[in-house]
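So you can see what is in the structure, the chains are spelled out below.
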Amino acid sequence: MSKLVVFNWKMNLPILSSWKEAIKSSTPLFLKRRGGEVIVCPPFTHISKVKELLKGKEIRLGAQDVSIKDEGALTGEVSAKMLKDIGVSYSIVGHSERRHIFGETDELISKKIKSAIKNKIKPILCVGEKVKTSKERAWNFVKNQLVKDLSLIQATSYKLQATNLVVAYEPVWSISGGEPAKKVNPTHANYMVGKIKFFLNTSYKIRATVLYGGSVNSKNIKSFLKYKNIGGFLVGSASLNRKEVDYLLKVIK
Ligand code: PGA
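Residues numbered from 1 in each chain as written. Predicted model: local features only at pLDDT ≥ 70, side-chain atom pairs only at ≥ 80, totals over all residues. Heavy atoms only, no water.

Comments concerning the overall build of the chain
Scanning the chain for helices and strands turns up 10 helices and eight strands. In terms of overall dimensions, the chain has C-alpha extents of about 45 × 45 × 30 Å along its principal axes. Buried positions account for 50% of the 253 residues belonging to the chain. Put simply, 72% of the contacts in the chain that link residues at least 6 apart link residues at least 24 apart. Surface summary for the chain: the accessible area is close to 12,100 Å², and the carbon and sulfur share equals 53%. For the chain, the distance from the average site of its 44 positive side-chain charges to the average site of its 20 negative ones is 7 Å. (Helix = DSSP H or I, 4+ residues; strand = E, 2+ residues; numbered from the N terminus. Buried < 20%, exposed > 50% of the residue type's maximum accessible area, 1.4 Å probe, protein only. Contact = heavy atoms within 4.5 Å. Areas by Shrake-Rupley, 256 points an atom, 1.4 Å probe, with all protein chains shown as cover. Lys, Arg positive; Asp, Glu negative; His and termini not counted. Charge placed at Lys NZ, Arg CZ, Asp CG, Glu CD.)

Written out as structure tokens, the structure reads:
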């Protein structure tokens, strides 16, 4: 199965020239050997610049968020339609930082999912429990998020398909960590990814790609790669570092 690697720069910029070098040397290998896909999600202001930088590199562009509407009096928002216009194909939706720092609700997230799918922007829907807990509780929490976040798609004519949705399982407590206390046991990640896949398959009849995210880096990537169920990775902090990017694209298979 080909893997997806999503680099989420958040509100940061790596040293662009150095990042470009890492991508230039590793991506063709990654794409050829693994048949995977590489997506980079810069801040909105730098999407066009990154597009220019990666011209001809077969890297897809993603946004970190998307509006609920196509246009209108919504100060500060950027719509899926606008993103499509500048060549963006994916958008992260419902990232835990949006949920917990900016108070985004499942209701709002469901509207964003709908708007993205309507405009042929593939949402990368982030779900994950807030605190470290039992796997049963974690799954109940995530299942509830999925049901709510996908509710509008079920209720409208926009059909959910494996080709228009990616889900990223990101336990909130593991994000931007690197600290031992925040380490996710890869078996837990694999359990949750399996549950999400099974749920999407039985309830929505889709075989969606489900990623793992949360402090993925060169030190722990191999422990996650043992699990074939994991369809790829959403990488934050490590995506700002040339050596990390280079290494991740070399070992992910
Ligand atoms: P991290 O971020 O890799 O720094 O934990 C992942 C994410 O928040 O998407």
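Text resumes after the structure shown.
A look at the environment of Tyr 204
Relative to the helices and strands, Tyr 204 is located in helix α8 (residues 186-204). Judged by its relative accessible area of 12%, Tyr 204 falls in the buried class. Considering only alpha carbons, one finds Tyr 204 and Gln 154, 50 residues apart in sequence, at a separation of 8.4 Å. Sequence-distant contacts of Tyr 204, defined by excluding residues within four places in its chain, comprise Leu 146, Val 147, Leu 150, Gln 154, Leu 160 and Phe 199.

What about the pattern of salt bridges?
Applying the stated criterion to the full structure yields 14 salt bridges. With a shortest N-O distance of 3.9 Å, Glu 71 and Lys 81 are connected by a salt bridge. Here Lys 81 lies in helix α3 (residues 80-85) and Glu 71 lies in the loop between β3 (60-63) and α3, a separation of 10 residues in the sequence. Take Lys 81: its relative accessible area is 41%, and that puts it in the partly exposed class. Taken together, the salt bridges that share partners define one network made up of Asp 65, Arg 98, Glu 104 and Lys 112. (Salt bridge = Lys/Arg side-chain N within 4 Å of Asp/Glu carboxyl O.)

A few points about the packing of aromatic side chains
One pair of aromatic rings is described through two measures. These are the centre distance and the angle between the planes. The final tally for this structure, using the stated rule, is seven aromatic pairs. Between Trp 139 and Phe 199, the ring centres sit 5.8 Å apart and the planes meet at 75 degrees, which makes this aromatic pair edge-to-face. Here the residue Trp 139 occupies a position in helix α6 (residues 135-149), and Phe 199 occupies one in helix α8, the gap between them amounting to 60 residues. The residues Trp 139 and Phe 199 share a single accessibility class, namely buried. By way of ring pairs, the aromatic residues Tyr 169, Tyr 212, Phe 224 and Phe 233 are connected into one cluster. (Phe/Tyr/Trp six-rings, centres within 6.5 Å; stacked < 30°, edge-to-face > 60°.)

Some remarks on unusual backbone geometry
At Lys 205, a position not held by glycine, the phi torsion is positive, near 60 degrees. Along the polypeptide, Lys 205 turns up in the loop between α8 and β7 (209-213). Judged by relative accessible area, Lys 205 falls into the exposed class, the value being 67%. Within the chain, Ser 215 stands out as a residue other than glycine whose phi angle is a positive 55 degrees. The residue Ser 215 is located in the loop between β7 and α9 (221-225) in this model.

A few points about the nonpolar core
Grouped burial of nonpolar side chains is what soluble globular proteins tend to show. In terms of nonpolar packing, the biggest core is built from 65 residues, with Phe 7, Ile 196 and Phe 233 touching the most fellow members. Among the elements that take part in this core, α8 stands out by supplying seven residues, more than any other. (Core = buried A, V, L, I, M, F, W, Y, C linked by side-chain atoms within 4.5 Å.)

Concerning empty space enclosed by the protein
Evaluation of the coordinates by the stated rule reveals one cavity of 30 Å³ or more. Gly 94, His 95, Ser 96, Arg 99, Cys 126, Val 127, Gly 128, Gln 145, Glu 170 and Val 172 are the residues that line the largest cavity. Of all elements in the fold, only α4 (96-100) and β5 (122-127) reach the threshold of two or more residues within the lining of the largest cavity. A per-class count over the lining of the largest cavity returns three nonpolar, five polar and two charged. (1 Å grid on protein atoms, 1.4 Å probe; cavity = no way out; pocket = protein on both sides within 12 Å on 5 of 7 lines; lining within 4 Å. Points joined across faces, edges and corners; volume = space filled by probe spheres on them. Nonpolar A, V, L, I, M, F, W, Y, C, P; charged D, E, K, R; others polar.)

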